[in-house]
Amino acid sequence: MSGLGKGVTASSIAKLIKEKGYKVSCLKIDPYVNVDAGTIRPTEHGEVFVTEDGGEIDQDLGNYERFLNKNHRKEHNLTTGKIYQKLINKERKGEYLGKTVQIIPHLIEEIIEHIEKTGEKEDFLVIEIGGTVGDYENIPFLEAARQMRREKSHSEVVFIHVTYLPIISAIGEQKTKPTQHSVKELRSEGIIPDFIVGRSEKPLDEPRKEKISLFCDVKKEKVISAPNVDNIYKIPVKFKEQKLGDKILNQTKLKEKNSDLQNWMSMLEKMDKSKDSEKEVKIGLVGKYISSGDFSVRDSYISVTEAVKHAAGELETNYSIKWIDSTDSEKAKKEIDEMDSVIIPGGFGTSGIKGKIEAIKKCREDKIPFLGLCLGLQLAVIEHARNELSLKKANSTEIDEDTPHPVICLLEEQKEIENKGNTMRLGSYPAILKKNTKTKNLYGEKRINERHRHRYEVNPEYHNKLEKNSMVFSGKSPDGKLIEFIERNNHPFFIATQSHPEFKSRPEKPHPLFKGLIEKGIDRAEKRN
Ligand code: GLN
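Conventions used here
- Residues numbered from 1 in each chain as written.
- Predicted model: local features only at pLDDT ≥ 70, side-chain atom pairs only at ≥ 80, totals over all residues.
- Heavy atoms only, no water.
- Buried < 20%, exposed > 50% of the residue type's maximum accessible area, 1.4 Å probe, protein only.
- Helix = DSSP H or I, 4+ residues; strand = E, 2+ residues; numbered from the N terminus.
- Pairing = 2+ DSSP bridges.
- Expected span 1.5 Å × (residues − 1).
- Contact = heavy atoms within 4.5 Å.
- Near = heavy atom within 4 Å.
- Polar contact = N/O pair within 3.5 Å; in protein donor to acceptor, adjacent residues only side chain to side chain.
- Areas by Shrake-Rupley, 256 points an atom, 1.4 Å probe, with all protein chains shown as cover.
- Nonpolar A, V, L, I, M, F, W, Y, C, P; charged D, E, K, R; others polar.

A. Representation of the pairing of strand 1 (residues 24-30). A large share of strand 1 lies buried, amounting to 7 of its 7 residues. Residues V24, C26, K28 and D30 line one face of strand 1 and the alternating positions S25, L27 and I29 line the opposite face, and both faces are buried. As paired elements, strand 1 and strand 5 (residues 124-129) share 6 bridges and run parallel to each other. Following the sheet pairing, S25 is matched in strand 5 by L125. Taken together, the 3 bridges between strand 1 and strand 4 (residues 77-79) define a ladder with parallel strand orientation. When the bridges of strand 4 are listed, D30 appears paired with T79.

Shown next as structure tokens:
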């Protein structure tokens, strides 16, 4: 089921294979009908991750990139919508002329072709099939997997089934029954797993492993325990302790070429040390995609929170994130007072805007370190126009179409677009950073690249009017037409970017902007205490 940690499991397996000296990447299969995740609200399905080539993809892609420290492409995500779209386009072109186009063989062939093409340049492709066994929607993907194994062999196609072992609180016992039934269901699709990864709050003990082995017909040493850990980056280590990488290589009849998790281990050590560190920062994340019903959904901003974790780890700083709900602006303002740093992440639509603008004003006036991401930059520009340039009704046309001062607006080329899917400014774009700015000093380079996902821009007609008081446009597109970074020259750390730097932060390579934000947060924490 979703939320179990299949993405982290797939990423960790890939990490172990990479560690053995093989080229590996991951492919996520999402059985939903959306062509990509770009039109899904984050509270429904977690964050929308953006790849270098502009794919708007399931958040698991973020985990793949963070664990493997490797960029993935759009093709590394396949959905029901995407594969049907391809099939139907082919049918319309007449590529199946004269034939009845059917799920078997045609759709399945398309899926297999996509998988093989994605893995063409790799030694291994770790494919994560989302959803739950027994769902209608993933039947074609499981069938494709079955056929691949039938055509190839056990050494070319390895099946790993991730299951959940609940611990019933009334009796305190870990139950294997759902795993048994899940395997039964999987077998009815024609797939017999080679490995079972048992997710549970606690490790699987010997009796549980024996039971699973017996009932599910998997060798006991191939039943892998995946208990909860305090840091997801420890999962590859947990799997390594159980020799999962060796066992997979054994089945594929390949030899280990290398074995080095040294960088990863020292990164983990630093993250552990940071928990006992005297340096401590409280980071306020002001967002609106925070709850769903009675539950909070922290995955909406997972790349942002991971980027904070990477930077804090490297700086060996203890950190906590406070979720500040921007839809309650009075409460938000009070909560910000107690923060050492504040982040305003990306967002869409009109709700929660007031609270975010109030938050930015407070950060500006009280010199609280502030990092604005995408919408965060747009709102910082609006706050500046309203409160420092007396353009009281300044706004973004996304929020108020009739504003007299559209400091943020759509560019001409965006105005004609009606479709919502895959039509934003997406993927990696370069920016030229201005000399002697904090932004340039942090990046250390003049020309940088960051990933984007937005429609609106700082209005070119207002550029001259806006760069006043302490506002500095610290980064622009190479043609000088688009504002990519802003900062304030009278503030310890007030930086915002039209891009999403969080997508490029990796545990082994934290992002300079997040590091900068935390460093200044440490200064404020020291002063506050
Ligand atoms: N809604 C804004 C835009 O489309 C900001 C998008 C974002 O924060 N990713 O431009």
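B. Local environment of helix 5 (residues 103-118). Taking 1.5 Å per residue, 16 residues should reach 22 Å; helix 5 reaches 21 Å between its end C-alpha atoms and fits that length. Looking only at helix 5, the buried set comprises H106, L107, I108, E110, I111, I112, H114, I115 and T118. Elements that come into contact with the buried residues of helix 5 comprise strand 1, strand 4, helix 4 (80-93), strand 5 and helix 6 (139-151).

C. Broad picture of the site of the ligand. In the vicinity of the ligand, the contacting residues are G346, G347, F348, C374, L375, Q378, E398, R453, H454, R455, Y456 and H500. A distance of 2.8 Å separates an oxygen atom of the ligand from a polar backbone atom of Y456. For the ligand, whose accessible area on its own is 300 Å², the fraction buried by protein is 99%. Its residues assigned to classes, the shell around the ligand comprises 4 nonpolar, 5 polar and 3 charged.

D. Region of the structure containing helix 4. Between its terminal C-alpha atoms helix 4 stretches 20 Å, which fits the 20 Å expected from 14 residues at 1.5 Å a residue. Regarding helix 4, the residues found buried are T80, G81, I83, L87 and K90. Buried residues along helix 4 sit against strand 1, strand 4, helix 5 and helix 6. For helix 4, the side-chain oxygen to backbone nitrogen distance between the N-cap and G81 is 3.3 Å, and the N-cap itself is T79. Positive backbone phi, approximately 95 degrees, marks G94, located one or two places after helix 4.

E. Local environment of the side chain of S213. Within the secondary structure, S213 is located in helix 8 (residues 206-216). What makes S213 buried here is its relative accessible area of 17%. Within polar-contact distance, the side chain of S213 engages the backbone nitrogen of K220 at 3.4 Å. Here S213 is in contact with V218, K219, K220 and V223, once residues within four sequence places are set aside.

In short, geometric facts, not functional conclusions.
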